[in-house]
Amino acid sequence: MKQKKPDIEITELFMAKADWNRTFIGTITRFTNEDGSKFVTGEVFVEDGDIWSMADNNMELARNLDGICQLKLDYGIHTDTGRTEDIYGDLFFLN
């Protein structure tokens, strides 16, 4: 008789920081392309929204997310969503 495997999902956590007093916990996900190259993605909830990045390795991902944290918290990146248009009940951002 075959035993059923437990429904367990392992999540890899990491920390992104704008500085030593503003740190945030996020999740990391690892992928492999069709050509066999590996890459990682990371997502962190920072104050009022998520930040996301993709890189070839953990160190590059950490630098990306630390930089995005600083841009979001110190410089207000994406606080102004710009102009939107309501099309069939959904908001679409105009470039």
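Data block above holds the structure.
The following refers to the structure shown.

Conventions and cut-offs
- Residues numbered from 1 in each chain as written.
- Predicted model: local features only at pLDDT ≥ 70, side-chain atom pairs only at ≥ 80, totals over all residues.
- Heavy atoms only, no water.
- Phe/Tyr/Trp six-rings, centres within 6.5 Å; stacked < 30°, edge-to-face > 60°.
- Buried < 20%, exposed > 50% of the residue type's maximum accessible area, 1.4 Å probe, protein only.
- Lys NZ or Arg CZ within 6 Å of the ring centre and 35° of its normal.
- Helix = DSSP H or I, 4+ residues; strand = E, 2+ residues; numbered from the N terminus.
- Contact = heavy atoms within 4.5 Å.
- Expected span 1.5 Å × (residues − 1).
- Arc of directions from axis to C-beta.

## Regarding the packing of aromatic side chains
A complete count under the given rule lists one aromatic pair for this structure. Note on Phe-31 and Phe-39: the rings are 5.4 Å apart at their centroids and 20 degrees apart in plane angle, and the pair reads as stacked. Its relative accessible area of 38% is what places Phe-31 among the partly exposed residues. Accessibility expressed as a relative area gives 15% for Phe-39, which makes it buried. We note Lys-17 situated over the ring of Trp-20; from NZ or CZ to the ring centre the distance is 5.2 Å.

## With respect to unusual backbone geometry
Even without a glycine there, the phi angle at Tyr-88 is positive, about 55 degrees. By the secondary structure assignment, Tyr-88 is in the loop between strand 5 (84–87) and strand 6 (90–93). Judged by its relative accessible area of 83%, Tyr-88 falls in the exposed class.

## A few points about the environment of Gly-76
As for its position among the elements, Gly-76 is in the loop between helix 1 (58–75) and strand 5. For Gly-76, a relative accessible area of 23% corresponds to the partly exposed category. Separated by 33 residues in the primary sequence, Gly-76 and Glu-43 have C-alpha atoms spaced 18 Å apart.

## Let's talk about the side chain of Thr-41
Note on placement: Thr-41 falls in strand 3 (residues 38–46). The residues touching Thr-41, leaving out its near neighbours within four places in the chain, are Thr-27, Ile-28, Thr-29, Phe-31, Trp-52, Ser-53, Met-54 and Leu-61.

## A short note on helix 1
The terminal C-alpha atoms of helix 1, which comprises 18 residues, lie 25 Å apart, in line with the 26 Å expected from a rise of 1.5 Å per residue. Here helix 1 has its buried residues at Leu-61, Leu-65, Asp-66, Cys-69, Lys-72 and Leu-73. Looking down the long axis of helix 1, one finds its buried residues gathered within 130 degrees of arc, a one-sided arrangement. Structural note: helix 1 exposes Met-59, Arg-63 and Tyr-75 on the side pointing more than 90 degrees away from its buried face. Positive backbone phi, approximately 65 degrees, marks Gly-76, located one or two places after helix 1.

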